[in-house]
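Here is how the chains run, residue by residue.
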Amino acid sequence: MEKNSKNPLKSILTIVISLAFAGFFLWFALKGLDFKVIQKSIERANYTWVFIAGVFGLLAYWLRAIRWNILLEPLGYKISDANAFWTISFGYLMNLTIPRSGELARSTALYGVEDVPVDKSFGTIILERVVDLICMIGFLGLTIIFKYDAILSFYDIATGQKEEKVKVEHGFFEKFLMKIGIVDFAAFYFYMKISLFLLAIVGLIILFKYKKDKLIGFAKGILQGLTTIFKLRQKGKFILYTIGIWICYFLAAYLVCFSLPETSDFTIGDGFFIITVGTFGMIVPASGGIGAFNLAMKYGFMALFISAGKNAVTGGEMGLIYSFISLPLQFLLTIISGLLSIPALARARNKNVVKKEFTE
């Protein structure tokens with residue numbers, strides 16, 4: 001039987017840290033912004049394009065569910081596409097509460113409805129992330145080819161902000177350190193990083209000592225899931241579904257641009273740049289990408305406007321407006337599909353229990 005031990009304190013701490021990240025980045029993105037401009041632009045946006053973008057976003061969920069079935073097939077499991085879809089939706093919903101918890105929640109939910117061991121399905125999810133990383137590198141390559149000037153502008157904006165941050169006076173923690181006689185902050189943070197690294201190593205050694213068998217067994221299951229890529233029986237379909245997923249992601253991001261008059265002339269190359277920058281923003285462990293995604297879009301659109309010879313301030317405003325349409329759209333899809341997944345998975349789990357009782 002698969003069990004998942006939970007540490008409430010760790011979960012609460014993770015949520016608090018992710019919300020702190022979100023709050024900081026959102027404050028930084030909105031600093032000095034005229035909210036009336038954003039409100040007017042959001043009100044006059046063409047939501048037909050937003051709806052179409054949402055359809056492609058939802059389609060990506062379904063294609064990912066079918067592709068997951070292809071990955072699980074070499075391990076000897078044939079699961080329902082519907083159950084795969086609902087477990088993926090449930091995983092995304094969990095990611096909104098505790099960042100990076102969705103993958104394990106997805107594997108655990110699948111075990112409940114299809115009896116696929118958590119370690120094996122988790123291995124296939126890690127494999128999915130590797131494939132997604134390769135696709136993301138592909139988009140980065142396309143961005144370099146088509147929007148190299150925008151990348152340079154983005155870099156200049158980001159490094160310019162860093163220079164501004166250096167000039168800001170010391171924060172509360174640095175002032176406290178100065179009171180206790182520590183003035184070399186660079187050395188202090190360097191030794192603190194080394195100490196934390198050593199503590200992490202000690203923690204891993206202790207964990208391995210007392211949980212050796214479980215860790216080795218879990219690692220073997222993950223490795224078995226990772227190696228399914230070499231045993232795929234439907235390699236062509238796997239590649240096609242992967243391409244389809246990322247085309248849907250691209251269209252879900254790009255089509256939102258057509259909802260705003262100021263960005264309705266954006267090219268496909270601009271779309272490559274937006275999805276690349278947006279993905280980097282979503283990598284930050286902020287709750288649901290809040291703040292980090294908004295800031296990434298602000299800087300990204302500023303770079304696009306500068307490279308096109310337009311006003312950078314207007315570009316920053318449009319980037320934030322875009323993020324206030326695109327990010328809530330992602331939340332809406334995640335919340336609706338995630339909430340619907342709960343009763344759907346409960347019914348599937350009950351059916352699975354009845355089926356096992358009948359066969360025993």
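Please refer to the structure placed before this passage.
Sequence order sets the numbering: in each chain, residues are counted from 1 along the sequence as written. Given that the model is predicted, a residue must reach a pLDDT of at least 70 before its local features are reported, and side-chain atom pairs must reach 80 or more before they are shown or counted; all residues, however, enter totals for whole chains, interfaces and linings. Hydrogen atoms and water are omitted, and side-chain values are computed over all heavy atoms in the structure.

## A few points about the overall build of the protein
Strands are runs of DSSP state E lasting at least two residues, helices are runs of H or I lasting at least four, and both sets are numbered from the N terminus onward. What the protein contains, in helices and strands, is 14 helices and zero strands. Tracing the protein from N to C terminus, the helices and strands come up as α-α-α-α-α-α-α-α-α-α-α-α-α-α. By definition in these notes, contact holds between two residues if any of their heavy atoms fall within 4.5 Å. Restricting the contact set of the protein to residue pairs at least 6 apart, pairs at least 24 apart contribute 74%. Of the roughly 20300 Å² of accessible surface on the protein, a fraction of 71% belongs to carbon and sulfur atoms. Computed with the Shrake-Rupley method and a 1.4 Å probe, the accessible areas treat only the protein chains shown as cover for residues.

## Points about a nonpolar patch on the surface
Candidate patch residues must exceed 30% relative accessible area and have no salt bridge, after which like charges are joined if within 9 Å and Val, Leu, Ile, Met, Phe, Trp or Tyr side chains if within 5 Å. A side-chain nitrogen of Lys or Arg and a carboxyl oxygen of Asp or Glu constitute a salt bridge if their distance falls within 4 Å. Judged by side-chain polarity, Leu140, Ile144, Tyr148, Leu152, Phe280 and Ile283 come together as a nonpolar surface patch covering roughly 550 Å² of accessible area. Those elements giving two or more residues to the nonpolar patch turn out to be α6 (118-146), α7 (148-166) and α12 (268-283). The residue Leu152 is located in helix α7 in this model.

## A look at the packing of aromatic side chains
By convention, a stacked pair of Phe, Tyr or Trp rings (six-membered ring in the case of Trp) has centres within 6.5 Å and planes under 30 degrees apart, an edge-to-face pair has planes over 60 apart, and any other such pair is tilted. Tallied over the entire structure, the rule returns 16 aromatic pairs. Here Phe266 and Phe301 contribute two aromatic rings whose centre-to-centre distance is 5.5 Å and whose plane-to-plane angle is 40°, an arrangement assigned as tilted. Of this pair, Phe266 sits in the loop between α11 (235-254) and α12 while Phe301 sits in helix α13 (residues 292-307), and the two are 35 residues apart along the sequence. The two residues Phe266 and Phe301 agree in class, both being buried. Linked through ring pairs, Trp49, Phe139, Phe146, Trp246, Tyr249, Phe250, Tyr254, Phe258 and Phe272 together constitute an aromatic cluster. Over the aromatic face of Phe305 sits the side chain of Lys310, whose NZ or CZ is 5.3 Å from the ring centroid. Using a 1.4 Å probe on the protein chains alone, a residue whose accessible area is under 20% of its type maximum counts as buried, one over 50% counts as exposed, and one in between counts as partly exposed. Only Lys NZ and Arg CZ are tested; either one counts as a charge over a ring when it is within 6 Å of the ring centre and within 35 degrees of the ring normal.

## Comments concerning the pattern of salt bridges
Evaluated as defined, the whole model comprises ten salt bridges. Measuring nitrogen to oxygen at the nearest pair gives 3.1 Å for the salt bridge that ties Arg64 to Asp132. Of the two residues, Arg64 sits in helix α3 (residues 47-72) while Asp132 sits in helix α6, which places them 68 residues apart along the sequence. Since its relative accessible area comes to 2%, Arg64 is described here as buried. Since its relative accessible area comes to 9%, Asp132 is described here as buried. Residue Lys147 pairs with Asp270 through a salt bridge whose shortest N-O separation is 2.8 Å. Within this pair, whereas Lys147 is found in the loop between α6 and α7, its partner Asp270 is found in helix α12, the two being separated by 123 residues in sequence. The exposure class assigned to Asp270 is buried, which follows from its relative accessible area of 8%.

## Thoughts on the nonpolar core
Among the nonpolar cores identified, the biggest contains 75 residues, and Trp68, Leu72, Phe266, Ile274 and Tyr322 are the most heavily contacted of them. No other element matches α13, which puts eleven residues into this core. Once you skip the residues sitting within four places of it in the chain, Trp68 turns out to touch Ala84, Thr87, Ile88, Arg106, Leu110, Ser121, Thr124, Ile125 and Glu128. Throughout, nonpolar core names a set of buried Ala, Val, Leu, Ile, Met, Phe, Trp, Tyr and Cys residues whose side chains join them through atoms within 4.5 Å.

## Things to note about helix α4 (residues 81-97)
Helices are assigned an expected span. That span is 1.5 Å times one less than the residue count. Between its terminal C-alpha atoms α4 stretches 25 Å, which fits the 24 Å expected from 17 residues at 1.5 Å a residue. Burial in α4 covers these residues: Asn83, Ala84, Phe85, Thr87, Ile88, Ser89, Gly91, Tyr92, Leu93 and Asn95. Put simply, Ser80 is the residue that caps the front of α4, since its side-chain oxygen is 3.1 Å from the backbone nitrogen of Ala82. Identification of polar contacts relies on pairs of N or O atoms within 3.5 Å, with a donor-acceptor requirement for protein atoms, meaning one able to donate a hydrogen and the other able to accept it, and with residues adjacent in sequence counted only if both atoms are side-chain atoms.

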